[in-house]
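Commentary on secondary and tertiary structure
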Amino acid sequence: MDYTQFTIEKLRSMLDQKEISAVELTQGYLDRIAQYDNTIQSYITVTPELALEQAKAAQKKIDAGEGSILCGIPLAIKDNICTEGVKTTCASKMLEDFVPPYNATVMEKLRAQDAVMLGKVSMDEFAMGGSTQTSAFAKTRNPFNTECVPGGSSGGFVSSMTLAGVRAQKRVAVCGEMPFMFRYRVRSREEERCPISICNRL
């Protein structure tokens, strides 16, 4: 069974009913990334060790009956969101080696929910573009036709969603996918590098 094709709601139910563990689910996503992302190039940075560590911690919460709505759910984070200890480049050579010493507020909220970070996905450099082809590190391809672009600036997101097995503004028109967006002021201006979106299948 390909768990990566299910909605968050379905995965939440499966995790809570012990039909799958958070580690198994996370490994399933990591396997898909390893299998396809060399071609799609949706990720700038993949964090398998961190993801599995977070999944194990989430599973303990689930086993104790303390799992929140996103507990154990794998997520990709756009590479303009500050992630403590994990490179945040904004897809620019200028920030190639920048490792934030803190989390953006939105990351603190996700950590409080025990969500699992798979890695940082590509984007147009500083989110200024409409194709994800200005990224200095991963010029993301449209997973339905790798000769085409996925749109932007969050092309890494929509391609990673389809990479994860999902069937489902401009990015929606190009790839047929819908990221979920945080409303204005959910995160602080100091902790972001440019506008954000975080997605999984809705």
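Below is a short write-up of the structure.

Cut-off values and rules
Residues numbered from 1 in each chain as written. Predicted model: local features only at pLDDT ≥ 70, side-chain atom pairs only at ≥ 80, totals over all residues. Heavy atoms only, no water. Helix = DSSP H or I, 4+ residues; strand = E, 2+ residues; numbered from the N terminus. Polar contact = N/O pair within 3.5 Å; in protein donor to acceptor, adjacent residues only side chain to side chain. Core = buried A, V, L, I, M, F, W, Y, C linked by side-chain atoms within 4.5 Å. Buried < 20%, exposed > 50% of the residue type's maximum accessible area, 1.4 Å probe, protein only. 1 Å grid on protein atoms, 1.4 Å probe; cavity = no way out; pocket = protein on both sides within 12 Å on 5 of 7 lines; lining within 4 Å. Points joined across faces, edges and corners; volume = space filled by probe spheres on them. Phe/Tyr/Trp six-rings, centres within 6.5 Å; stacked < 30°, edge-to-face > 60°. Lys NZ or Arg CZ within 6 Å of the ring centre and 35° of its normal. Salt bridge = Lys/Arg side-chain N within 4 Å of Asp/Glu carboxyl O.

To continue, consider the environment of Glu 84. One can find Glu 84 in the loop between strand E2 (74–78) and helix H4 (105–112). Residues Glu 84 and Pro 100 lie 16 residues apart in sequence; the distance between their C-alpha atoms is 5.1 Å.

If you trace the backbone, Thr 4 turns up in the segment before helix H1 (8–16). For Thr 4, the side chain forms a polar contact with the side chain of Asp 2, separated by 2.5 Å.

Quick look at the nonpolar core now. Generally speaking, soluble globular proteins have nonpolar side chains that are buried together. One finds Leu 15, Ile 73, Met 107, Leu 110 and Leu 118 to be the most contacted residues of the largest nonpolar core, which totals 34 residues. Of all elements in the fold, only H1, helix H2 (22–40), helix H3 (48–63), E2, H4 and strand E3 (116–121) reach the threshold of two or more residues within this core. For this core, the leading source of residues is H2, giving five residues.

Right, let's talk about empty space enclosed by the protein for a bit. Considering only enclosed or pocket space, the second largest cavity measures out at about 40 Å³ in volume. Around the second largest cavity, the lining residues are Gln 54, Leu 75, Ile 77, Met 107, Leu 110, Arg 111, Ala 115, Val 116 and Met 117. Listing elements by their share of the lining of the second largest cavity, those giving two or more residues are E2, H4 and E3. Looking at the lining of the second largest cavity element by element, the count peaks at three residues for H4.

Taken as a whole, this structure holds zero aromatic pairs when the rule is applied. Here the guanidinium or amino end of Lys 10 rests over the ring plane of Phe 6, the centre of that ring lying 6.0 Å away.

In this section: the pattern of salt bridges. Applying the stated rule across the entire model yields six salt bridges. For Asp 2, the salt bridge identified is with Arg 32, shortest N-O distance 3.6 Å. Of this pair, Asp 2 sits in the segment before H1 while Arg 32 sits in helix H2; the two residues are 30 residues apart in sequence, bridging distant segments of the chain. The salt bridge partner of Asp 63 is Lys 18, with a shortest N-O separation of 3.7 Å. In this pair, Asp 63 is assigned in helix H3 and Lys 18 in the loop between H1 and H2, connecting sequence segments 45 residues apart.

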